[in-house]
Amino acid sequence: MKDGNRCRFPAPCRGSDSKNPVATGLLSLLFLFLVITPAIAANITTYFNPRTNRYAEVADGEILVKFKKGTSPAQVRSMMVGSRVLDEIEGLGIIRMKIPSDKTVQEMVEEYENNPNVEYVEPNYVGYCFKTPDDPYFNQQWGLESASDKDVDAPEAWDIDIGDPGVVIAILDTGIELNHPDLKDKIVSGWDFVNNDNDPSDDNGHGTHVAGIAAASTDNGLGIAGVSWKSKLMPVKVMDASGTGYYSDWINGIVYAVDSGAKVLNMSLGGTQDAVSLKDAIDYATDRGCVVCAAMGNLDQEITFYPAGYTNTIAVGATDEDDTRCDVTDWGKDPEGNDQGSSYGNHIDVVAPGNNILSTSLNSSLLSMSGTSMATPFVSGLAALIISRNWTKGPDEIKTIIRNTAEDLETAGWDKYHGSGRINIYNALNSVEKGPPRESTLKIGNNRINPHYNQRSLIHYELSRADNLSIRIYNLAGEEVKVLYNDWHDAGRDTAEWLGKNADGQTVGSGVYFVVLKIGSDVTVKRIMVVK
């Protein structure tokens, strides 16, 4: 049932779209000798990129370095004289480094590029959310269903599948309003990489709007409908209050989301610089079975933004109510007088509704916004529905399904303005056979936690059948510490979390603990380390 017309929240008057161990032993040894300096927000400077022959905005005084396997800690230390380690991007072996104050980013990149022990070095590029002014009074979700049938045929698709709570969509953005009435029941634990804390609250509104399009609570008598009714949302804050973010935060966010159990990553953001480190992170996600959906950008011209420019993403453009590519007639000009519209190019995969899209907003409200940022979560929600219907489908196959079932627009076949066409959720789900039941599984998203820093362990589980389920925490002595769940549970995926506390709400001591998942008579056990 579609409930997008029951807008029970007040609409504001204006709006705009505006860690696992390192694979190599090198960094593990390196950090025995180096002190990691707390990350401090950098200023922005310019850098001449010789690959593109253009200037780019980058973090002042920072570079991203990946050393080759086999490089000794002594060799690394000799190269880093005068530099400080700000961050280690775990899983990829990338160091975010503060360079000496008497050196420029340009000089340090050139110096490290000439060192045979360096696999690659890059500036810490800067990118932005895609924003466009919009009509504040739009009060219908035409993108899901419209009388003109220029929509994605969502109601027809929901007769086939409405999603699965075990399929988590990570929103890498400005955060999410955690107490929004149409989102709060969908949110799992996330992280704020901008402020380096566990409160990924939205201080801009962009991420909250994106989240609602993908998976707002649906058929609940409130607000709007999300594309994937039952999917959970993981807020990963990688953009600040102004809608600006560093590639290093994006990379950290990607790795975090993947390692924390997300299956779909929505990236309604982009930068103009092609960075090896960012591509590494995208490949890290897809290699582990995750689908990455990225926005094409809002410059109304042929241009490549990243990560949308990478092959392993689904690059998404935007259409309006007439099923045409959004252009300056839809979005007007930006404050500098530049045309705004859905960017295009040879890397585009599909388009989706992106004009006057009603969704969740700050202060428990609803708001209409426009941009390729709004189109992208339509595709993320569709990817989540495909995974819910058949868990055997991998990222490449899901991308092919979405492209092959899209409705062709204007020029016959693929074109650089619309890709394969506007997505059709019904066509996509109707083409996917229901997958086989999975064996019951248990996966720990974070098996090493420190409760004093509000760290928590995400416990992802999947039931192949409906049955009595219990999830309990035990200590090394075999004593029950806490019951996380003990009731009948439907088949499917879901997530529980443990905050490192016992049944009385007291923080437990350091040591080894066990998660015991029991389905009927079947028992699965996983280990969690608590360190303080």
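(A) Geometry of the overall build of the protein. Looking only at helices and strands, the protein has 11 helices and 26 strands in total. Relative to its 532 residues, the protein shows a buried fraction of 58%. Working note: accessible area of the protein is about 21000 Å², and carbon and sulfur atoms make up 46% of it.

(B) Main features of helix H6 (residues 247-259). A rise of 1.5 Å per residue sets the reference length of H6, with its 13 residues, at 18 Å; its end C-alpha atoms lie 18 Å apart and thus fit the reference within 8%. Summarising burial for H6: 13 of the 13 residues are buried, a large majority. A positive phi of about 105 degrees marks glycine 261, the residue just after H6.

(C) Main features of the packing of helix H5 (residues 206-215) against helix H9 (residues 372-389). One way to put it is that H5 packs onto H9 with a least axis distance of 8 Å and a crossing angle of 35 degrees. Here the hand of the crossing between H5 and H9 comes out right-handed. Between H5 and H9, the contacting residues are His206, His209, Val210, Ile213 and Ala214 on the first element and Ser373, Met374, Pro377, Phe378 and Gly381 on the second. In the contact of H5 with H9, the residues fall into 6 nonpolar, 4 polar and no charged.

(D) Molecular detail of the nonpolar core. Counting 59 residues, the largest nonpolar core has Ile63, Tyr112, Met234, Ile254 and Leu265 as the members making the most contacts within it. Examining the composition of this core, we find that 8 residues originate from one element, H6, more than from any other. With sequence-adjacent residues up to four places away left out, methionine 234 is seen in contact with Val168, Ile169, Ala170, Ile171, Val188, Ser189, Gly190, Tyr256, Ala257, Ser260, Ala262 and Leu458.

(E) Structural view of the environment of asparagine 43. Inspection of the secondary structure assignment puts asparagine 43 in the loop between helix H1 (25-30) and strand S2 (44-49). For asparagine 43, a relative accessible area of 59% puts it in the exposed group. Between the C-alpha atom of asparagine 43 and that of alanine 59, which follows or precedes it by 16 residues, the distance is 5.8 Å. Apart from the residues within four sequence positions on either side, asparagine 43 is in contact with Val58, Ala59, Asp60 and Tyr246.

(F) Highlighting unusual backbone geometry. Cis rather than trans, the peptide bond between tyrosine 306 and proline 307 has omega equal to 20 degrees. Relative to the helices and strands, proline 307 resides in the loop between strand S14 (291-295) and strand S15 (314-319). Unlike most non-glycine residues, aspartate 149 shows phi in positive territory, near 60 degrees. Its place among the elements puts aspartate 149 in the loop between strand S7 (133-134) and helix H4 (154-158).

(G) Quick look at the confidence of the model for the protein. With 87% of its residues at a pLDDT of at least 70, the protein reaches an overall mean of 85. Taken together, the stretch residues 1-41 has pLDDT below 50 and engages in 128 contacts with residues farther than four places along the chain or on a different chain. The low-confidence segment residues 131-139 (pLDDT under 50) makes 38 contacts with residues lying over four places distant or belonging to another chain.

(H) Layout of the side chain of glutamine 141. Secondary-structure assignment places glutamine 141 in the loop between S7 and H4. For glutamine 141, the side chain forms a polar contact with the main-chain oxygen of alanine 225, separated by 2.9 Å.

About the thresholds
- Each residue is numbered by its place in its chain's sequence as written, counting from 1.
- Given that this is a predicted model, residues contribute local features only at a pLDDT of at least 70 and side-chain atom pairs are listed and counted only at 80 or more, while totals for whole chains, interfaces and linings are drawn from all residues.
- Here the side-chain values reflect all heavy atoms present in the structure, with hydrogen atoms and water set aside.
- Only DSSP runs of H or I with at least four residues qualify as helices, and only runs of E with at least two residues qualify as strands; both kinds are numbered from the N terminus onward.
- We call a residue buried when its accessible area falls under 20% of the maximum for its residue type, exposed when it is over 50%, and partly exposed in between, using a 1.4 Å probe and counting protein chains only.
- Per-residue accessibility takes into account occlusion by the displayed protein chains alone, with areas from the Shrake-Rupley method and a 1.4 Å probe.
- Between the first and last residue of a helix there are one fewer steps than residues, each counted as 1.5 Å, and that sum is the expected span.
- Comment: axis = line fitted to C-alpha atoms, over the contacting stretch for helices; angle = value between 0 and 180 degrees taken between N-to-C directions.
- Should the near helix be turned counterclockwise from the far one by less than a right angle, the crossing is left-handed, whereas a clockwise turn marks it as right-handed.
- In what follows, a contact means two residues having at least one pair of non-hydrogen atoms within 4.5 Å.
- In this classification, Asp, Glu, Lys and Arg are treated as charged, Ala, Val, Leu, Ile, Met, Phe, Trp, Tyr, Cys and Pro as nonpolar, and every other residue, Gly included, as polar.
- Definition used in this section: a nonpolar core is a set of buried Ala, Val, Leu, Ile, Met, Phe, Trp, Tyr and Cys residues joined via side-chain atoms within 4.5 Å.
- Confidence scores per residue from the predictor, reported as pLDDT, run from 0 to 100.
- Throughout this description, a polar contact denotes any pair of N or O atoms lying within 3.5 Å of each other; where both atoms belong to protein, one of them has to be capable of donating a hydrogen while the other can accept it, and for residues adjacent in sequence the pair is counted only when both atoms sit in side chains.

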